[in-house]
Amino acid sequence: MKIADSRIKPTFELEAAEHQLGSRPIAGVDEAGRGPWAGPVVAAAVILDPDKIPANIDDSKILDEDSRAYLYRRIMKVAIVAVGIADVDRIDRENILGATLWAMAQAIGQLADVPKLVLVDGNKAPRVPMPTRTIVKGDAKCLSIAAASIVAKVTRDRIMTQLARDYPGYGFERHKGYGTPEHQAAIDKLGVSPLHRRSFKPVQLALGLGALV
């Protein structure tokens, strides 16, 4: 297993301090898929057991695919995990931020244990009935958020690989819906699929709606 080096390593220090103050359990929350032109946005909520934290958890963007898959399996075995998925219709209806916050709230609400505190990557928090704390670049600072980033990323990548079978030719299994030259060429050749986010400008341009943006 290859683990990429990073100058910033997430730690469990914030969670440990909150535990001492009585805020336990604590959930970390992150998402995957805000930027792609196609597919859902996926959020994950993870409650780590302080006594069973898998080694080498890191920001999912730092890890290679094999490392993410390995850590995903380890996290799923020892942590409390839940996932929320906002589909393309919701993204187009509510905008990507609204859909992301909705998916986060869904993930938090499905946890088997109700957290006393939720740590959220970024600067926007979903509306949930417990205290939340936003942490910019939290996936690089906080182990619970980093674990959530891994679960969200692996879950979404697997969804896009499955959807690639239903919509062949777009290369979703490779680029996962992100805006790559291969993806643009596929849209030019095949047109816009039901998986594409019509609220995103590149898709609107492909539909000839650029003047409406």
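Refer to the structure above for everything that follows.
Report follows, based on the coordinates. Note that the structure is predicted; figures quoted are calculated from it, not measured. Going along each chain's sequence as written, the residues are numbered from 1 onward. Predicted model: local features are reported for residues with pLDDT of at least 70 only, side-chain atom pairs are reported and counted for 80 or more only, and whole-chain, interface and lining totals are derived from all residues. Processing note: side-chain calculations cover all non-hydrogen atoms of the structure and skip hydrogens and water entirely.

Helix α5 (residues 143-166) packs onto helix α2 (residues 65-78) with a crossing angle of 115 degrees between their chain directions and a minimal axis gap of 9 Å. If you check the angle between α2 and α5, you find them roughly perpendicular. Here the hand of the crossing between α2 and α5 comes out left-handed. Between α2 and α5, the contacting residues are Arg68, Ala69, Leu71, Tyr72, Ile75 and Met76 on the first element and Ala147, Ile150, Val151, Lys153, Val154, Thr155, Asp157 and Arg158 on the second. The class makeup of the residues in the contact of α2 with α5 is 9 nonpolar, 1 polar and 4 charged. Between N-to-C directions, angles span 0 to 180 degrees; the directions come from axes that are lines fitted to C-alpha atoms, helices contributing only their stretch in contact. Comment: elements are numbered from the N terminus, with helices defined as DSSP H or I runs of at least four residues and strands as E runs of at least two. Here is the rule for angles: anything less than 35 degrees is roughly parallel, anything more than 145 is roughly antiparallel, 65 through 115 is roughly perpendicular, and the remaining ranges are oblique. In this scheme the handedness of a crossing depends on how the near helix is turned from the far one: anticlockwise by less than a right angle means left-handed, clockwise means right-handed. The contact criterion used throughout is that any non-hydrogen atoms of two residues lie within 4.5 Å. When residue character is reported, Ala, Val, Leu, Ile, Met, Phe, Trp, Tyr, Cys and Pro are called nonpolar, Asp, Glu, Lys and Arg charged, and the others, Gly included, polar.

When DSSP finds two or more bridges between two strands, those strands count as paired. The 5 strands are arranged β3-β2-β1-β4-β5 in an open sheet whose pairing can be described as mixed. Only two strands of the sheet have a single partner each, and these edge strands are β3 (80-86) and β5 (132-135). The sheet shows a mean angle of 20 degrees between the axes of neighbouring strands, taken without regard to direction. Relative to strand β2 (residues 41-47), strand β1 (residues 26-32) is paired through 5 bridges, and the arrangement is antiparallel. Along β2, the bridge assignment pairs Asp30 with Ala44.

On to the packing of aromatic side chains. Any aromatic ring pair is given by two values, namely how distant the centres are and how the planes are angled relative to each other. Here a Phe, Tyr or Trp ring, Trp counted by its six-membered ring, pairs with any other such ring whose centre lies within 6.5 Å, and the pair is stacked when the planes are under 30 degrees apart, edge-to-face when over 60, and tilted otherwise. A full pass over the atoms with the stated rule returns 1 aromatic pair. Centre to centre, the rings of Tyr170 and Phe172 are 5.3 Å apart; their planes meet at 15 degrees, and the pair counts as stacked. Here Tyr170 matches Phe172 in class, with each residue buried. The ring of Trp102 has Arg90 sitting right over it, with the charged end atom 3.7 Å from the ring centre. In this scheme, a residue with accessible area under 20% of its type's maximum is buried, one over 50% is exposed, and one in between is partly exposed, where area comes from a 1.4 Å probe on protein chains only. To sit over a ring, a charge needs its Lys NZ or Arg CZ within 6 Å of the ring centre and within 35 degrees of the ring normal.

Moving on: unusual backbone geometry. Cis geometry is adopted by the peptide bond preceding Pro25, which originates at Arg24 and carries an omega value of 10 degrees. Non-glycine residue Asn56 carries a positive phi angle of around 75 degrees. The class of Asn56 is partly exposed, set by a relative accessible area of 42%. Despite not being glycine, Lys176 shows a phi value in the positive range, around 60 degrees.

The next point concerns a positive patch on the surface. Candidate patch residues must exceed 30% relative accessible area and have no salt bridge, after which like charges are joined if within 9 Å and Val, Leu, Ile, Met, Phe, Trp or Tyr side chains if within 5 Å. Only the protein chains shown count as covering a residue, and every accessible area follows the Shrake-Rupley method with a 1.4 Å probe. Every case where a carboxyl oxygen of Asp or Glu lies within 4 Å of a side-chain nitrogen of Lys or Arg is listed as a salt bridge. Two residue types count as positive, namely Lys and Arg, and two as negative, namely Asp and Glu; His and chain ends fall outside the count. Where a charge sits is defined by one atom per residue type, namely NZ (Lys), CZ (Arg), CG (Asp) or CD (Glu). Positive charge collects at one region of the surface, where Arg73, Arg74, Lys77 and Arg158 lie side by side. Of the residues forming the positive patch, the biggest block, 3 residues, is contributed by α2. With respect to the secondary-structure elements, Arg74 resides in helix α2. Under the relative-accessibility criterion, Arg74 is labelled partly exposed at 30%.

As a further point, take the nonpolar core. Nonpolar cores were defined as sets of buried Ala, Val, Leu, Ile, Met, Phe, Trp, Tyr and Cys residues, with membership established by side-chain atoms within 4.5 Å. Counting residues in hydrophobic clusters, the biggest one holds 29 residues, and the most contacted among them are Val46, Leu48, Ile57, Ile75, Ile150 and Phe172. Counting residues per element, this core draws most heavily on α5, at 12 residues. Setting aside residues up to four positions removed in sequence, Phe172 forms contacts with Ala38, Met160, Ala164, Tyr167, Gly177, His183, Ser193, Leu195 and His196. Counting 25 residues, the second-largest nonpolar core is a separate cluster that includes Ala82, Ala99, Val118 and Ile187.

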